[in-house]
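So the chains spell out like this:
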Amino acid sequence: MKKKYSGIEKKLSRWGWYFVTPSLIFFMLFSFYPIINAAYISLFRKKILSLKAPDFLGLGNYKYLLSSSDFWNSMRATFVFTLGTFIPLVIVSLLLAVLIMGRNKGKKFLQLAYYSPAVLSSVVAAVIWMMIFDPRGIANQWLNFLVNTPGVDHLWLAKSFMVQFSTMLVYFWKYIGYFVVIFIAGLASIPHSLYEAAKIDGAVPRQIFWRITLPLLKPTVLLVSIMAMLQCLKTFGTQYLFVQAGSPQAPINVITLNIYNTGIRDHLLGRASAMSIILFVIMLFFTWLQFKTSKADDVDY
Amino acid sequence: MKKIIPILLTLIFLALPLFAAGQPEEEGSITITFWTHEDPNRTALEERYIKEFEAANPDVTIERVTNSSKKMPELLLTAFAANEGPHIFNTQIEDGYAYIANGRVAPVNLKAAGYSSTSDLKNAYVDGVLNAVTEGGDVYGLPLELTNWAPYVNKRVFRDAGLDPEKDYPKTWEDIVAVSEKMVLRKGDIITRRGFDFRFPYYLVSMVPMVEQLGGKLVSDDGKTAIINDKAWLTFLEFMADWGPNGKNLGSPTYKNGRKLFNMDNNDMGMCLSGLYQIGRIRADNKEFYDSGDWMVIPFPQFENAVEDVASAYYGHYYMVNNQKSSREQEVAWEFISYMLSHSEEYLSEVGLIQPTKALMSSETFKNIPYGDVFANDLAKGHMVYYAENSAKIQELMKEAVEGVLLSGIAPEKALASLKVKAQEVLDQQ
Amino acid sequence: MSLLQEKTENKSVFSFMWLLSTLILLAALIFTIIPLIFMFTASAMPSKDILKMPYRWVPRGFHWQNYFKAIAGNDGNYMFFRNIINSVIVACSVTVSTVLLAGITGYGLAKFRFRGRNIVFLAIMATMMIPFEAIMIPLYLVATNLHLQNSYGGLIFPFLVNAFGVFMMRQFLITFPDEFLDATRIDGAGEIRIFFNIVLPNIKPAIATLAILTFRTQWDNLIWPLLIAQSEKMKTVPLYIVKFAAEKYTDEGAMMAVAFLASIPMLILFFSMSNYFVSGASVYSSRKG
């Protein structure tokens, strides 16, 4: 009896490997190799156009970075952006998804509307946002109308605080639909029968949400919060665009922007790779932390 | 069942070559790849040259690839880093230097380009314009375009502000402030009509000359010391601080750049800084405005107490050839480049690009270009933009300093001190 | 009497909540949809009007020239159609392969215990933790060694599956009832048949979501196609749009028109898929209750 059981286990574990192998082969070629390559290059004084064999620096690039105020400013900018963006993203997208699912009418329309930023080409969205944030644009007009301060230029793209806030706003706009859609899929996967049973037991909507919806949605919440966190730590396009449009760089010089400037603009590929590896370790740590604290894998009905 | 996965995998890998582009190489025939930035008018012109060149050289095919000018530097770097660069490409002056310094581009093939010697080649061009691509006596690139910038004036806005454009046009930076103050319209603090727009992202081309007028320098002649003459720099930074929202509030880099607005003549832009090519764009964007003659070009302003007459630095693009290609391909590449450049007058009249050969500058075509003389006079007063492997980094530091005083209200002394330290650090790292 | 009172009280609380939720949904709606309206109205205006500030939300007439120019392109060679077909081919292939590969891998990670499972999962997650800028050059080397430049292969292969897809499928499959799988195993079904006939049909919301998100990411993918697809015939829609946005020559009206045309396939896809989002999972309801 025991032997047979372990036979099935063995067979299933083999199938587990079969199922993950195709993806693993793919990742080896298109992801693991480039990452290992970046880690290797981070040990050299590699210039992007140089054909000469680069000098070996050991941890020299890392030492330089850890003592560079510019790098620490980037760490600050990245963490401020991440905290200011990913928490509202997770909470608001969950809220919107729950509200949408509670509607009888207009579900489809609302989903589509929230998802519409994703339908818009990023290049064009950038142009539009720059027109909105132009001192003569609607950002100033509307804010001045709301707080009744006619004629004030709030310097959306210029003041250190405002420019950080504006990047968060654009990012929030761009990704809120993503996470709403994922949450809706998660909510739709929860069996209706559970709700009906709860209603028969006399539970009010609030109780249903906290006792049934949220626990069953745990894997989705973990998915969204890890994805939102990683995306925010990796943010690049929004900041790049703002700097191109004339914003001061220091307040929003996130690590990825620094990597781009160091590697592509200043040609210091080795140092840029070292920065990527540091960012990699940071992301790995926070992902691990989220898995550890959520224990989302133990789901019970 | 188990067998399905290995079979599927094998199929996928067998299918790989099917998707890959087959490039059958014919004996003797060669394909030259040519990367350049997007410019619709130039495309029409150069596609024609390609056809003509291919007709004259039946064994040569030229593949012209265009990409947005913002993305081009990045694409080129990636391709060169992977040793897969194109045969021919063009870069901005400042970006080109690194390709020469790292030995990634080939010197001009004099025979293919139709010159008897290097000095013959240098003599054909206006003095100094090949400096940026000359290294160790060899020339590594030929200009696709080289221009300086000068203020474009909208006469209608001048008149609307009660000014006479013919008499009141600004000669000095102080004049620029004075006429701007008259032209500026605001709603509260928000400017709805600007008098003048600096060309903000291009600090090296448009603002370093302002410092030089006052006797300052970006980098010393020996290339070892950054930010020469504190007094000049301070005067310049104070001028910029005064320009911004914390001073006279005449404009800032966060407003949409003026060149495009200028063409539209929406009564929101009095003057903007641009090159000769802007003329063609006014014609394309707004025929009525172009024909009305209500616009003009004036010389680059000087400071009242300028110690030196300096006009805007040269902005430009050079054609270069990848030296990782076979010598025959390099030769054909240079032949093709010089075939294109033999149409300088057409480049000027059709697209507004100056390829500064002595022949072109003294040609009838150039004399007939409206305001060509304004640009030519300024050209003699300017020099090549600062080019080095670190010029992009230096430009960013300058942006930080100028925007610091202009937008964030940082004291000019403080901004200068920080600029000096950081720029010196960049120079020392070389 | 008291029962009735309670009912009305309940109702007023309910309608207050209803009002609040309506307000929240409406505020979010305005915020998300403004740029879309901007795009559409601007696509009907000449550039001169678009750049006029303050922006006028109602175009004077419909400036059809923008759309003609959008389709003809900067070079007047009508590459738009070719480019949009390329984009459809690439985005569809990537979507199908991502759903299948991410599905099967996520299933393997969620429902099978095997030695090294956590390492595999972590390794796959790790691929999301490096910025694209840092791996662009080695990736380009891989692609050029496989001679993938200017081919559909070059546009498709690097995106056959992604860590997000695997992660998402794993998260959705973790709650998939084990007893249900064991029951079908006892009935003698093979593992592959279980995956295709039992698992996939029961996670339609997840599949539809992953498909939409993947399609969208590909539809808007810019940097990689820019590198790998140099010839006009192999370019995709974002590259076509970027040509209109080239700094010095921007024709804003035509750019907005291209962007609007380019968003139509996404809208169609979204509408045709959105039924699946809320269709629920039959397997659960048949099981517990």
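It should be noted that the structure appears before, not after, this text.
Residues numbered from 1 in each chain as written. Chains lettered and ligands numbered in written order. Predicted model: local features only at pLDDT ≥ 70, side-chain atom pairs only at ≥ 80, totals over all residues.

1. Looking at the packing of helix 4 (residues 107–119) of chain A against helix 7 (residues 160–188) of chain A
All names here are of chain A.
- It is the contact of helix 4 with helix 7, at a shortest axis distance of 6 Å, that shows an interaxial angle of 135 degrees. Classified by the angle their axes make, helix 4 and helix 7 are oblique. Relative to helix 7, helix 4 is oriented so that their crossing is left-handed. In this structure, helix 4 contributes Gln-111, Tyr-114, Tyr-115, Ser-116, Pro-117 and Ala-118 to the contact, and helix 7 contributes Trp-173, Lys-174, Ile-176, Gly-177, Tyr-178, Val-180, Val-181 and Ile-184.
- By residue class, the composition of the contact of helix 4 with helix 7 is 10 nonpolar, three polar and one charged. (Axes fitted to C-alpha atoms, helices over the stretch in contact; angles between N-to-C directions. Helix = DSSP H or I, 4+ residues; strand = E, 2+ residues; numbered from the N terminus. Parallel < 35°, antiparallel > 145°, perpendicular 65-115°, else oblique. Left-handed = near helix turned anticlockwise from the far one by under 90°. Contact = placed C-beta atoms within 7 Å. Nonpolar A, V, L, I, M, F, W, Y, C, P; charged D, E, K, R; others polar.)

2. Focus on the interface of chain A and chain C
- Counting residues at the interface gives 87 residues for chain A and 83 residues for chain C.
- It is helix 1 (residues 2–41) of chain A that provides the largest number of residues to the side of chain A that touches chain C, a total of 20 residues.

3. Concerning helix 6 (residues 132–145) of chain C
All names here are of chain C.
- Given a rise of 1.5 Å per residue, 14 residues ought to cover 20 Å, and the 19 Å separating the end C-alpha atoms of helix 6 matches this to within 8%.
- At Pro-138, helix 6 shows its largest bend, some 30 degrees.
- Of all the residues in helix 6, the buried ones are Glu-133, Ala-134, Ile-135, Met-136, Ile-137, Pro-138, Leu-139, Tyr-140 and Ala-143.
- Following helix 6 by one or two positions, His-147 adopts a phi angle in the positive range, close to 55 degrees. (Expected span 1.5 Å × (residues − 1). Bend = angle between axes of the 7 residues up to and from the residue. Buried ≥ 20, exposed ≤ 12 C-beta atoms within 10 Å, placed from the backbone.)

4. Focus on the sheet that holds strand 7 (residues 150–154) of chain B
Residues and elements named next belong to chain B.
- Taken together, the five strands give an open sheet; going across it, the order is 8-9-12-7-13, and neighbouring strands pair in mixed fashion. Two strands in the sheet have a free side with no partner beyond their single neighbour: strand 8 (185–187) and strand 13 (295–297). When strand polarity is set aside, the average angle formed by the axes of neighbouring strands in this sheet is 30 degrees.
- Here strand 7 runs beside strand 13; their pairing, made up of three bridges, is antiparallel. Each bridged residue has a counterpart across the sheet, and for Val-153 the counterpart in strand 13 is Met-296.
- The strands that helix 9 (residues 173–183) touches are strand 9 (190–197) and strand 12 (269–274); relative to strand 9, the one it contacts most, it runs at about 150 degrees. (Pairing = 2+ DSSP bridges.)

5. Quick look at the interface of chain C and chain B
- Taken together, the contact pairs 33 residues of chain C with 27 residues of chain B.
- Put simply, the parts of the chain that give the side of chain C that touches chain B at least two residues each are helix 2 (47–50), helix 6, helix 7 (152–156), helix 12 (223–228) and helix 13 (237–244) of chain C.
- Broken down by element, the residue count for the side of chain C that touches chain B peaks at five residues, all from helix 6 of chain C.
- Of the residues that constitute the side of chain C that touches chain B, the class distribution is 16 nonpolar, 12 polar and five charged.

Note that every value here comes from positions in space, so none of it alone points to a role or purpose.
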